[in-house]
Number of protein chains: 2
Amino acid sequence: MHSVIEKPTGSDVARLAGVSKSAVSRAFTGGVVSEEARKRILEAARLLKYRPSNTARSLTTRQSRMIGLAVTSLDNQFYPEVVEKLSDRFARAGYRLLLFVTHGEADLDPVLNELLGYGLDGVVLASSSMASQVAAECREAGVPVVMFNNVDPDGVQAGVSSDDEAGAALVARYLLASGHERPAVITGLGQSSSSVRRLRGFQYELARAGRARARASSGDYTFSGAFEVARAWIEGPSPPDALFCVNDHMAIGALHAVHHRGLTPGRDISVIGFDNVSIAHWPLLDLTTLAQPLEGMIEATVALLLKAIASNTMPTTQEALTGKLVIRGSARRAPGITREASGEETWAD
Amino acid sequence: MHSVIEKPTGSDVARLAGVSKSAVSRAFTGGVVSEEARKRILEAARLLKYRPSNTARSLTTRQSRMIGLAVTSLDNQFYPEVVEKLSDRFARAGYRLLLFVTHGEADLDPVLNELLGYGLDGVVLASSSMASQVAAECREAGVPVVMFNNVDPDGVQAGVSSDDEAGAALVARYLLASGHERPAVITGLGQSSSSVRRLRGFQYELARAGRARARASSGDYTFSGAFEVARAWIEGPSPPDALFCVNDHMAIGALHAVHHRGLTPGRDISVIGFDNVSIAHWPLLDLTTLAQPLEGMIEATVALLLKAIASNTMPTTQEALTGKLVIRGSARRAPGITREASGEETWAD
DNA sequence: GTGAAAGCGCTAACAT
DNA sequence: ATGTTAGCGCTTTCAC
């Protein structure tokens, strides 16, 4: 069934409305047109089912109204939330997201060429792997980039994250305040800045309290990785009495290992995550976790990028927003817990 | 920090390489160019960091290499999986996804104008709400559309889904085979075709077995909606002995209600979902569910759309792939369960 | 195999 | 307020 539809152009509308192409363009871009003409144009457009071509428009305005979003994977539940919120927020500003789901591929060039070929107005890098390199290339090509939940080790790329070290330190103090003696940390991938920083913040705080360094091992940012690390520790000699996982996704894996051994989280052993993904509150998980200030991070990311686009400059600001520790049942409770208006419990010292 | 970067164009490359624009174009599009020239062009391009503009290219070729993807929300864990897999599969074919996260907004026009303005090569509608209307408009505008996991009531729009009725019927037979007497169904939203069809398949099968219609109530496709429906039923008079939820997201909500009342799923009451989302296998959920043949559905969707694009026609095929019932612990077991090579258990009669 | 020229659909000066 | 003109960066006949 061949239905070769000839899309109407601005000229078609102009002809039908008895005006020039420019008038049509103005009518659709908020330019100056008499009420009289505007009405005729809109009517003609409606009749022809005309919609201005974004492609052609982009060519002249040099604005695509598209933002590239790179994420590594969507099976860590934190990222779908990020994608959805970024999409909503950018949509409100008139931008759509072009999605790049990377999988830590070794060769960045193809995806980079693609990314830069689309004439994106900006890029958000929520992928952890190689974000810095990609950011550098984009910036060099004149495309504003903001790294999300990931900070550039060289400190040159703009980024928004939560204060990983402060957050992890807060977790450490909470664990100490609730009387834990042998906390251990399940980390993510080596290159990941957030993993590194969270571990560092945690260890630093332990040291400050005169405690020994915590045992740490990588769960590779996966459920099963974290499960195995936790299981091995629990089954091994002198198991930890608390597990701090650098994200919720792994904390849920650790939680499963705990249940798997017939132990009860929050009583026999404590598990604390980082992110406060939306499912962390499920009673079956009931995860105590450091909540990233997601709304604020989204807002900051969008603001940074839009400002850069508007001013035709490269963003450089690095923001680290403060999270809060949300208390649920997976970790032994410490004194000083506050119940908020929402019914949520938090802890701060 | 003003860094107004002048992007190099094909002409720049042509000049540097000592050839014409056309030659540069050919070099980048697989046209005929002498090895000699091609080498010089590529070298010049590398020097200038030139990448062809997709925007300009789209204007002449009338191909954007972008596929629009509309989804309602990403908090039903099924959709992030769909998004990721579609993204991967389309990327392999050289297409990127432009994301539209809709929220069942009343007025479709703005988003439609946008969708059609981007010059997308095709559209996948994985959103349930109003998918048919959007599909009709796209088709009229000459943009191929495939509805995913959602079938057009009028039977005109192309679509890929699993065989909802057969799947639900299989669930019904399993529940009967495992001796349940009072199954009930938690449905989604009224307009949703998959909800309607799954309920229908379930009821039909019950009738065929000479049983009374199952009680049914809407959980609005939300966790809390399903939780409340399940809780009310469990606390009410003559509670059901099995809960069939038309998707896993709600099944997990129902599971929580069961635990909430101190009951054990699979022993005191059975819970069965639909989708087999990746987290359904978590031991804490351990959900028996009808697995949608996701890989096949993705493959079919991509194939349908790419074929339509290549042939410049509108797709019309409606495919309904067969799912399978994955047996886990949330429902009482029936005789005849098969253990597959993967270790997964399934049931078929 | 290569270049010249036209044109994709739009916006943005510049006139009027 | 409106029309004319000249591109935006590419691909694509069409000659050569």
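Residues numbered from 1 in each chain as written. Chains lettered and ligands numbered in written order. Predicted model: local features only at pLDDT ≥ 70, side-chain atom pairs only at ≥ 80, totals over all residues. Heavy atoms only, no water.

Under an unreviewed UniProt entry, chain A has the name LacI family DNA-binding transcriptional regulator and belongs to Novosphingobium organovorum.

J.: Sorry if this is basic, but what is going on with the interface of chain B and chain A here?
T.: One frequent convention defines the size of an interface as the accessible area lost when the parts assemble. With 61 residues of chain B at the contact, the number on the chain A side is 61 residues. The partner of B:Glu137 in a salt bridge is A:Arg51, and the shortest N-O contact between them spans 3.9 Å. The interface formed by chain B and chain A holds 16 residue pairs in polar contact (both at pLDDT 80 or more) in total. Elements that contribute at least two residues to the side of chain B that touches chain A include exactly α4 (54–61), α5 (78–92), β2 (96–101), α6 (109–117), α7 (131–140) and α11 (248–260) of chain B. Each residue belonging to the side of chain B that touches chain A can be placed in one class, and the counts come to 28 nonpolar, 21 polar and 12 charged. Alignment of strand β2 (residues 96–101) of chain A against β2(B), held across three bridges, turns out to be antiparallel. Bridged to A:Leu99 within β2(B) is B:Leu97. (Contact = heavy atoms within 4.5 Å. Salt bridge = Lys/Arg side-chain N within 4 Å of Asp/Glu carboxyl O. Polar contact = N/O pair within 3.5 Å; in protein donor to acceptor, adjacent residues only side chain to side chain. Helix = DSSP H or I, 4+ residues; strand = E, 2+ residues; numbered from the N terminus. Nonpolar A, V, L, I, M, F, W, Y, C, P; charged D, E, K, R; others polar. Pairing = 2+ DSSP bridges.)

J.: Quick question: what am I supposed to make of the environment of B:Val83 here?
T.: Position of B:Val83 among the secondary structure elements: in helix α5. Measuring from C-alpha to C-alpha, the distance between B:Val83 and B:Leu99 comes to 9.2 Å, with 16 residues separating the pair along the chain. Setting aside its immediate chain neighbours within four residues, B:Val83 contacts A:Leu74, A:Leu99, B:Leu69, B:Val71, B:Leu74 and B:Leu97.

J.: Sorry, what's going on with the pairing of strand β4 (residues 145–148) of chain B here?
T.: All names here are of chain B. Burial of the side chains of β4 extends over both faces: Val145 and Met147 are buried on one face and Val146 and Phe148 on the other. Summarising the sheet, strand β3 (residues 122–125) and β4 pair through three bridges and their orientation is parallel. Note on β4: the bridge partner recorded for valine 123 is valine 145. Bridge analysis of β4 against strand β5 (residues 159–162) gives two bridges, and the strand direction is parallel. The partner of methionine 147 across the bridge, within β5, is glycine 159. (Buried < 20%, exposed > 50% of the residue type's maximum accessible area, 1.4 Å probe, protein only.)

J.: Explanation requested: the UniProt feature "domain: HTH lacI-type" (unreviewed entry) in chain A in the structure shown.
T.: Mapped onto this numbering, the UniProt entry gives "domain: HTH lacI-type" (unreviewed entry) at residues 8–61 of chain A. End C-alpha atoms of residues 8–61 of chain A are separated by 21 Å, and the span's content is 72% helix alongside 0% strand. (UniProt positions renumbered as here; feature names shortened; annotations may be inferred.)

J.: Is there a simple way to explain the packing of helix α2 (residues 21–29) of chain A against helix α3 (residues 35–48) of chain A in this structure?
T.: Each pair of packed helices can be described by the angle between their axes along with the distance between the axes. Residue and element names in this part refer to chain A. Contact geometry of α2 with α3 gives a least axis separation of 10 Å together with a crossing angle of 90°. In terms of their interaxial angle, α2 and α3 are classed as roughly perpendicular. Touching Ala23, Val24, Arg26, Ala27 and Phe28 of α2 are Arg38, Ile41, Leu42 and Ala45, all from α3. Its residues assigned to classes, the contact of α2 with α3 shows seven nonpolar, no polar and two charged. (Axes fitted to C-alpha atoms, helices over the stretch in contact; angles between N-to-C directions. Parallel < 35°, antiparallel > 145°, perpendicular 65-115°, else oblique.)

J.: Looking at this structure, I do not really get a nonpolar patch on the surface. What am I missing?
T.: Residue and element names in this part refer to chain A. Taken together, the side chains of Leu16, Leu47 and Leu48 make up a nonpolar region of the molecular surface, amounting to roughly 260 Å² of accessible area. Mapped onto the elements of the fold, leucine 47 is located in helix α3. Judged by its relative accessible area of 53%, leucine 47 is exposed. (Patch = residues over 30% accessible without salt bridge, like charges linked within 9 Å, V, L, I, M, F, W, Y side chains within 5 Å. Areas by Shrake-Rupley, 256 points an atom, 1.4 Å probe, with all protein chains shown as cover.)

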